[in-house]
Amino acid sequence: MKKYETERLIIKPTNTEDTEFIFEIMNTPKYHKYIGDRNIKSLEDAENYIKNRMLLQYEKVGFGNFTIILKSDDSKIGFCGIYLRDGLDIPDIGFAFFEEFEGKGYAFEAASELKKLAKTEFGLQKLSGITLENNHSSRKLLEKLGLKFQKKFFLEGDPEELMYYETEL
């Protein structure tokens with residue numbers, strides 16, 4: 001699995017070396033509010049999530065979740081990825097960053113690179129994005145990436161209505 005670089009970031013496939021980071025970010029209040037509680041209650045849960053969800057998708061399709069690292073100090077600041085989701089026909093771009101790294105352009109920088117890679121490296125022709133209506137920063141980022149709002153819908157098993165965005169690559 002290749003890693004990628006932008007001006008300020010290293011974008012590397014998430015693996016079990018990122019267990020503590022995944023545990024921390026998936027247990028932030030903002031993650032629970034906007035993405036959901038993935039029941040990651042221990043480092044073991046986080047490691048299993050990486051093995052059974054993230055690494056499994058890489059093995060199947062060659063893309064998935066990427067840990068975003070600042071080049072300046074090697075801090076793990078968030079993650080961004082392209083995901084296959086039940087209920088979506090088109091792979092979905094998603095992202096989560098620690099709050100102290102929001103508003104600095106890191107999410108856009110990482111997601112822009114992944115959007116390019118979706119076409120050039122992963123052979124995708126379309127990309128989707130989903131978010132809650134009240135997640136204004138996520139909606140703004142999806143729109144800045146060129147994804148266009150299509151509809152509101154419910155993913156099976158998810159009680160909250162989502163906004164669905166899409167773009168051709």
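To keep things clear, this report deals only with the structure shown in the data block. (Residues numbered from 1 in each chain as written. Predicted model: local features only at pLDDT ≥ 70, side-chain atom pairs only at ≥ 80, totals over all residues. Heavy atoms only, no water.)

Some remarks on the overall build of the protein
When helices and strands are counted, the protein shows 5 helices and 8 strands. Listed by position from the N terminus, the elements making up the protein come as β-β-α-α-α-β-β-β-α-β-α-β-β. Rg of the C-alpha trace for the protein: 15 Å, near the compact-globule value of 15 Å for 169 residues, within the 12% margin. If you line up the protein on its principal axes, its C-alpha atoms span 40 × 35 × 35 Å. For the protein, the share of sequence-separated contacts (at least 6 apart) that also reach a separation of at least 24 residues comes to 59%. On the protein, the mean spot of the 25 positive side-chain charges and the mean spot of the 30 negative ones are 5 Å from each other. (Helix = DSSP H or I, 4+ residues; strand = E, 2+ residues; numbered from the N terminus. Rg over C-alpha atoms; globule rule 2.2 N^0.38 Å. Contact = heavy atoms within 4.5 Å. Lys, Arg positive; Asp, Glu negative; His and termini not counted. Charge placed at Lys NZ, Arg CZ, Asp CG, Glu CD.)

Some words on the packing of aromatic side chains
Any pair of aromatic rings gets described here by the distance separating the centres and the angle formed by the planes. Tallied over the full model, the rule gives 9 aromatic pairs. Ring geometry for Phe153 versus Tyr164: centroids 5.8 Å apart, planes at 90°, classification edge-to-face. Of the two residues, Phe153 sits in strand S7 (residues 148-153) while Tyr164 sits in strand S8 (residues 162-168), which places them 11 residues apart along the sequence. Each member of the pair, Phe153 as well as Tyr164, is classed as buried. Here the aromatic cluster, defined as three or more aromatic residues joined through ring pairs, consists of Tyr4, Tyr58, Phe63, Phe66 and Phe122. Here the guanidinium or amino end of Lys144 rests over the ring plane of Phe108, the centre of that ring lying 4.4 Å away. Across the ring face of Tyr164, the terminal group of Lys151 is positioned such that the distance to the ring centre comes to 5.5 Å. (Phe/Tyr/Trp six-rings, centres within 6.5 Å; stacked < 30°, edge-to-face > 60°. Buried < 20%, exposed > 50% of the residue type's maximum accessible area, 1.4 Å probe, protein only. Lys NZ or Arg CZ within 6 Å of the ring centre and 35° of its normal.)

With respect to helix H5 (residues 136-144)
Since there are 3.6 residues in each turn of an α-helix, residues three or four apart along the chain are aligned in direction. Within H5 the residues assigned to the buried category are Ser138, Leu141 and Leu142. Burial along H5 is one-sided: seen end-on, the buried residues are contained in an arc of 100°. Set apart from the buried face of H5 by more than 90 degrees, the exposed residues are His136, Lys140 and Lys144. Here the buried face of H5 lies against strand S5 (92-97), helix H4 (106-120), strand S6 (126-132) and S8. Gly146 sits one or two positions beyond H5 and adopts a positive phi of about 95°. (Arc of directions from axis to C-beta.)

With respect to the pattern of salt bridges
Applying the stated criterion across every chain yields a total of 12 salt bridges. A salt bridge links Lys41 to Asp37; its shortest N-O distance comes to 3.0 Å. In this structure Asp37 comes out as partly exposed when scored by relative accessible area, which is 44%. Where Lys152 meets Glu133, a salt bridge forms, and the shortest distance between an N and an O atom there is 2.9 Å. On the criterion of sequence distance, the pair formed by Lys152 in strand S7 and Glu133 in the loop between S6 and H5 is long-range, its members being 19 residues apart. A relative accessible area of 39% means that Lys152 is categorised as partly exposed. (Salt bridge = Lys/Arg side-chain N within 4 Å of Asp/Glu carboxyl O.)

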